[in-house]
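# Descriptive analysis of the structure
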Amino acid sequence: MLAALRILNGRAPHRYTGIYKYTPEILKNVYLVDAYHQEVTKGDDVSNEDAYCILLSNERKIAFGRAEDAPCPIKLASPVVSYCGVLLIRSTGEPFGSLCHYDLARCQEPSTQMPYLEAIAPQIVTKLEAEGW
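Because the structure is predicted, anything quoted here is derived from the model rather than measured.

### Considerations on helix α2 (residues 114–130)
Here α2 contains 17 residues, and its C-alpha end-to-end distance of 25 Å stays within 8% of the 24 Å for a straight helix at 1.5 Å per residue. The largest bend in α2 amounts to roughly 40° and is located at Ala121, with the proline Pro122 lying one to four residues further along. In the stretch just after α2, Gly132 is the one whose phi turns positive, near 95°.

Have a look at this one:
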């Protein structure tokens, strides 16, 4: 899993690439790749109130270059400035969580990253389910 995330991260201008699992209160970090620190494999969990990933529960994907460009009226208490992500859907059709790139600094327009995230999302879910997530 980490190898796939590292490849995705290497293609993106964003510092972080992660997989987050939805729970009622938080987004639980399952895996994380940090472009600056290769030894990082897991990040902090994030409150649903502070995470752009939670917006994916209503939309299949979301991409914006800056937080102020977010395609929603919600202003989150998040240090994330650049974000793009896709919804991960279980084989049962229920949402698992998200696969996303993000950064605390402004990055180039992330729309070029969306096809990669969308293409690998089903394989990521299959692997997560095989791991017991």
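### Some points on the packing of helix α1 (residues 2–11) against α2
Across the interface, α1 lies against α2 with an axial gap of 10 Å and an inter-helix angle of 170°. On the basis of the axis angle, α1 is roughly antiparallel to α2. Across from Ala4, Leu8 and Arg11 in α1, the residues of α2 making contact are Tyr116, Leu117 and Ile120. Residue composition of the contact of α1 with α2, grouped by class: five nonpolar, no polar and one charged.

### A closer look at the pairing of strand β2 (residues 26–34)
Successive residues of a regular strand alternate their side chains across the two faces of the sheet. Burial of β2 is extensive: seven of the nine residues sit out of reach of the surface. By the bridge criterion, seven bridges tie strand β1 (residues 16–22) to β2 in an arrangement that is antiparallel. Along β2, the bridge assignment pairs Lys21 with Lys28. Joining the antiparallel neighbours β1 and β2 is a turn of three residues. Pairing of β2 with strand β3 (residues 46–47), which is carried by two bridges, proceeds in the antiparallel orientation.

### Topic: the state of the cysteines
In this structure the tally under the stated criterion is zero disulfides. Free of any disulfide, Cys107 has its nearest neighbouring cysteine sulfur in Cys84, separated by 8.8 Å.

### Describing the pairing of strand β6 (residues 95–103)
By the criterion of burial, β6 is predominantly enclosed, with eight of the nine residues buried. Pairing between strand β5 (residues 82–89) and β6: eight bridges, direction antiparallel. When the sheet's bridge partners are listed, Tyr83 is paired in β6 with Tyr102. Between β5 and β6, which pair antiparallel in sequence order, lie five residues; one of them, Gly93, sits at a positive phi of approximately 95°.

### Some thoughts on the side chain of Asp103
The topology assignment puts Asp103 in strand β6. Buried charge without a salt bridge: Asp103, with Arg15 as the nearest opposite-charge side chain at an N-O distance of 6.4 Å. A polar atom in the side chain of Asp103 sits 2.8 Å from the backbone nitrogen of Arg15. Look past the residues within four positions of Asp103 in its chain and what remains in contact with it is Pro13, His14, Arg15, Tyr16, Val80, Val81 and Ser82.

Calculation criteria
- Residues numbered from 1 in each chain as written.
- Predicted model: local features only at pLDDT ≥ 70, side-chain atom pairs only at ≥ 80, totals over all residues.
- Heavy atoms only, no water.
- Helix = DSSP H or I, 4+ residues; strand = E, 2+ residues; numbered from the N terminus.
- Expected span 1.5 Å × (residues − 1).
- Bend = angle between axes of the 7 residues up to and from the residue.
- Axes fitted to C-alpha atoms, helices over the stretch in contact; angles between N-to-C directions.
- Parallel < 35°, antiparallel > 145°, perpendicular 65-115°, else oblique.
- Contact = heavy atoms within 4.5 Å.
- Nonpolar A, V, L, I, M, F, W, Y, C, P; charged D, E, K, R; others polar.
- Buried < 20%, exposed > 50% of the residue type's maximum accessible area, 1.4 Å probe, protein only.
- Pairing = 2+ DSSP bridges.
- Disulfide = S-S within 2.5 Å.
- Lys, Arg positive; Asp, Glu negative; His and termini not counted.
- Salt bridge = Lys/Arg side-chain N within 4 Å of Asp/Glu carboxyl O.
- Polar contact = N/O pair within 3.5 Å; in protein donor to acceptor, adjacent residues only side chain to side chain.

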